[in-house]
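# Coordinate analysis (summary)
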Amino acid sequence: MTLRLDRMTIFSREQIKQFIRGINVRQVRLACGLVLFTYLVSHFVNHALGNISMDALATGVYYHIAFWQFLPVAMVFYTAALVHAGLGIWALYERRQFRWKAIEPLQLVLGLSIPALIIAHIVGVRLGHTLFEHQKLYPQVLYAYLIVWPYKIRMMFAVLVISWVHGCIGLYFWLRMKAFYNSAAPFLLAAVVLVPTLAMLGLYQGGRSVIADAGNDAAEWKADNLSRSQVGTSAEQATLDSIADYFLIFYLGLIGVVLLGRGVRALNERRVGMISLSYGNGRTVRVPRGLSVLEASLRNNVPHASVCGGRARCSTCRIRVIGDCTSLPQPSQREAFVLNRVGAGADPAIRLACQLRPEADLSFFQIFLPQITAATLRTSSPARIGEERYLVSMFVDMRGSTKLAENRLPFDTVFIVNRFLGAVSKAVIECGGQPNQFVGDGQLALFGLNCSPQTACRQALQAAAMIAANVDELNRFLEHDLREPIRFGIGIHGGEVIIGDIGYRDHMVFTALGDAVNVAARLQDMTKSLACEAILSEEVRVTAGLPAEGLPEQEVAIRGRAEPMIVRSVPDASVLSALVNDVQIIAA
């Protein structure tokens with residue numbers, strides 16, 4: 001028990017360390033943004049209660065304030081607000097390239113405009129309560145914004161829309177790569193439209209109630225809702241207005257300083273010098289030092305895959321550096337975290353283009369095609385993008401197809417070959433495999449894409465037996481058209497291979513690459529010289545758990561491999577089914 005607890009403690013520590021390594025500025029900004037968006041939803045739902053009545057508004061705001069002004073929650077909320085705003089200003093300074101899709105600069109502009117638009121409301125309500133103990137709730141705020149300062153209601157609606165759009169863009173960037181996004185998108189869209197619409201309608205209905213109450217019984221209503229304890233005095237309001245004005249001047253001045261700093265940095269980078277970035281396609285661009293590789297691509301209109309928009313949330317902008325990597329800046333914690341997650345952390349030549357900011361000339365090539373999109377990632381499994389895993393490869397080849405075509409019309413030959421490949425594919429699919437490539441009258445099938453190595457080996461052996469049965473049935477069907485029965489050869493081998501979409505643009509195919517695939521092809525070819533229907537490697541036999549008896553062992557030389565290999569020849573492939581069934585019965 002003590003040992004188990006120690007292991008759990010170590011495991012937890014490792015998880016914590018890995019989690020911390022994955023945090024960077026963008027993750028912090030995302031977490032703060034989620035806190036603020038939660039507040040926004042809560043406030044919008046509260047506004048929507050105005051569609052019911054002013055009493056519903058009063059009840060809703062009571063619970064809203066009770067939760068968000070609870071000290072621990074308030075500390076988290078105000079910290080998130082300050083950090084998110086500060087990181088937004090930092091993003092304005094840090095971003096060197098703005099020629100992104102329109103939605104990204106739009107999000108930044110909207111986010112930076114929110115503090116300037118909302119400051120008067122925050123100072124008037126929240127700071128008024130803190131400094132002068134004003135009790136401004138919906139009646140007081142709606143009276144001020146609709147009767148005293150009518151222009152403020154338009155500003156309030158504007159800030160509602162702007163803050164909502166800004167938050168929804170951020171959520172979109174975060175959620176669009178999630179597996180559930182496609183199925184959840186219609187419901188999210190409905191919420192995106194309905195929540196702010198109901199909130200603004202609630203404010204409108206609440207405002208109508210306030211105007212009606214203030215007009216019907218002005219003296220009594222004003223006595224109940226516009227007392228000194230609720231709205232303060234003219235002097236106190238002047239003080240609050242001054243604070244809001246000073247903050248606005250400070251904030252706009254801060255934005256100006258950041259823009260000035262960007263200009264100084266640009267001049268300094270050009271004074272220090274330019275560097276050359278050479279792409280694998282022969283193109284070379286000159287950029288200032290300090291620019292990330294992805295920013296350099298965007299600045300010079302070079303297509304570059306980047307699903308997350310340079311936020312280090314994906315690895316599609318990956319590049320492979322050509323030549324010496326020792327002079328490159330060390331990966332940040334976030335970059336190292338992402339590279340480790342995709343299994344590329346041990347290779348110093350693999351870097352994230354959005355994070356690498358070279359200080360000297362650099363040559364590289366892009367790993368992913370520029371056409372990779374978030375939809376591609378959602379609709380494709382990680383294996384389609386590129387993954388290393390254990391698979392069982394089966395090559396099946398039809399014997400004598402050239403001779404078959406000598407005395408037949410082309411249509412007849414294609415018909416027979418297609419019937420053969422159909423018999424093979426049917427067996428592969430029924431046994432859990434995937435027909436992968438068709439080369440002439442041969443086929444490559446893959447097993448293990450969604451199961452364990454042992455199951456994959458047994459599925460491949462069952463498929464070989466079923467292929468024999470299906471071809472026998474096909475021979476009986478075509479016995480009047482064939483001079484001699486269709487014969488075949490099968491090679492089966494398992495091992496680590498690389499799988500993914502291989503090809504060019506619209507001509508991409510999902511396939512496997514590696515020594516294990518090549519060996520399976522060699523074994524299939526060897527069935528001719530060994531006069532058998534199937535040859536499986538010792539690796540497949542052992543992994544499947546088959547007994548050694550009944551399968552003749554041979555040591556053969558494999559073209560392309562330095563050492564000989566132990567294989568098992570199977571004169572009649574149909575016997576493999578009984579062997580696999582016996583093993584499964586014993587295991588059960």
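Predicted model only: the values in this text are computed from it and were never measured. (Residues numbered from 1 in each chain as written. Predicted model: local features only at pLDDT ≥ 70, side-chain atom pairs only at ≥ 80, totals over all residues. Heavy atoms only, no water.)

## Observations regarding the overall build of the protein
When its secondary structure is counted, the protein shows 21 helices and 13 strands. When each of the 588 residues of the protein is scored for burial, the buried share is 44%. The long-range fraction of contacts in the protein, counting pairs at least 24 apart against all pairs at least 6 apart in sequence, stands at 72%. Taken as a whole, the protein presents about 31200 Å² of accessible surface, with 61% of it coming from carbon and sulfur. (Helix = DSSP H or I, 4+ residues; strand = E, 2+ residues; numbered from the N terminus. Buried < 20%, exposed > 50% of the residue type's maximum accessible area, 1.4 Å probe, protein only. Contact = heavy atoms within 4.5 Å. Areas by Shrake-Rupley, 256 points an atom, 1.4 Å probe, with all protein chains shown as cover.)

## Quick look at helix α11 (residues 234–272)
In this model, α11 (39 residues) spans 56 Å end to end at C-alpha, consistent with the 57 Å of a helix rising 1.5 Å per residue. Looking at the buried residues of α11, the elements they touch are α4 (71–94), α5 (103–132), α10 (228–231) and β2 (284–288). Taken from the residues just after α11, G273 is the one with a positive phi, measuring 135°. (Expected span 1.5 Å × (residues − 1).)

## What about the sheet that holds strand β5 (residues 362–366)?
Sheet strands pair by backbone hydrogen bonding; their relative direction is either parallel or antiparallel. Read from one edge to the other, the open sheet built from five strands follows the order β2-β1-β5-β3-β4, with strand pairing classed as mixed. The open sheet has two edge strands, β2 and β4 (350–352), and neither has a second partner. Within the sheet, the average angular offset between the axes of one strand and its neighbour, ignoring direction, is 40°. Of the pairings in the sheet, the one linking strand β3 (residues 318–321) to β5 comprises three bridges and is antiparallel in character. Note that in β5 the partner of I319 across the bridge is Q366. (Pairing = 2+ DSSP bridges. Axes fitted to C-alpha atoms, helices over the stretch in contact; angles between N-to-C directions.)

## Description of the side chain of S393
Structurally, the position occupied by S393 is in strand β6 (residues 387–399). When sequence neighbours within four positions are dropped, the list of residues in contact with S393 reads L444, A445, L446, G491, I492, H493, A516, V517 and A520.

## Some points on empty space enclosed by the protein
On inspection of all chains with the given rule, the structure shows one cavity of 30 Å³ or more. Taken together, L117, I118, A120, H121, Y145, K152, M155, M156 and V159 make up the full set of residues lining the largest cavity. Elements that contribute at least two residues to the lining of the largest cavity include exactly α5 and α7 (151–175). Split into classes, the residues belonging to the lining of the largest cavity amount to seven nonpolar, one polar and one charged. (1 Å grid on protein atoms, 1.4 Å probe; cavity = no way out; pocket = protein on both sides within 12 Å on 5 of 7 lines; lining within 4 Å. Points joined across faces, edges and corners; volume = space filled by probe spheres on them. Nonpolar A, V, L, I, M, F, W, Y, C, P; charged D, E, K, R; others polar.)

## Overview of the packing of helix α2 (residues 25–48) against α4
Their axes nearest at 8 Å, the elements α2 and α4 cross at an angle of 130°. On the basis of the axis angle, α2 is oblique to α4. Taken as a pair, α2 and α4 cross one another with a handedness that is left-handed. Contact with α2, carried on its side by V25, V28, R29, C32, G33, V35, L36 and Y39, involves V76, F77, A80, A81, V83, H84, L87, G88, W90 and A91 of α4 and no other residues of that element. Each residue belonging to the contact of α2 with α4 can be placed in one class, and the counts come to 14 nonpolar, three polar and one charged. (Parallel < 35°, antiparallel > 145°, perpendicular 65-115°, else oblique. Left-handed = near helix turned anticlockwise from the far one by under 90°.)

## Topic: the packing of α4 against α11
Remark: α4 packs on α11, axes separated minimally by 9 Å, with the N-to-C direction vectors making an angle of 25°. Put simply, α4 runs roughly parallel to α11. As for the relative orientation of α4 and α11, their crossing is right-handed in sense. Judged by residue contacts, I89, L92, Y93 and E94 of α4 engage Y251, L254, I255, V258, L259, G261, R262 and R265 from α11. When grouped by side-chain class, the residues that make up the contact of α4 with α11 number eight nonpolar, one polar and three charged.

## Some remarks on the nonpolar core
Formed by 43 residues in total, the largest nonpolar core has its most connected members in M394, F420 and I492. When contributions to this core are tallied by element, the ones reaching two or more residues are β6, α17 (410–430), β8 (442–447), α18 (453–477), β9 (487–504), β11 (534–537), α20 (538–544) and α21 (575–587). Of all the elements, α18 adds the most residues to this core, at eleven residues. Once you skip the residues sitting within four places of it in the chain, F420 turns out to touch V396, D397, M398, D441, V471, L474, I486 and F488. In terms of nonpolar packing, the next biggest core, distinct from the first, is built from 28 residues, L277, V338, A344 and I350 among them. (Core = buried A, V, L, I, M, F, W, Y, C linked by side-chain atoms within 4.5 Å.)

## Digging into the packing of aromatic side chains
Inspection of the entire model under this criterion finds 14 aromatic pairs. Ring centres of Y172 and F173 lie 5.8 Å apart, and the angle between their planes is 50°; this geometry places the pair in the tilted category. Taking the relative accessible area as the measure of exposure, Y172 reaches 33% and is therefore partly exposed. Through successive ring pairs, a cluster of aromatic residues spans Y39, F67, W68, F77 and Y78. (Phe/Tyr/Trp six-rings, centres within 6.5 Å; stacked < 30°, edge-to-face > 60°.)

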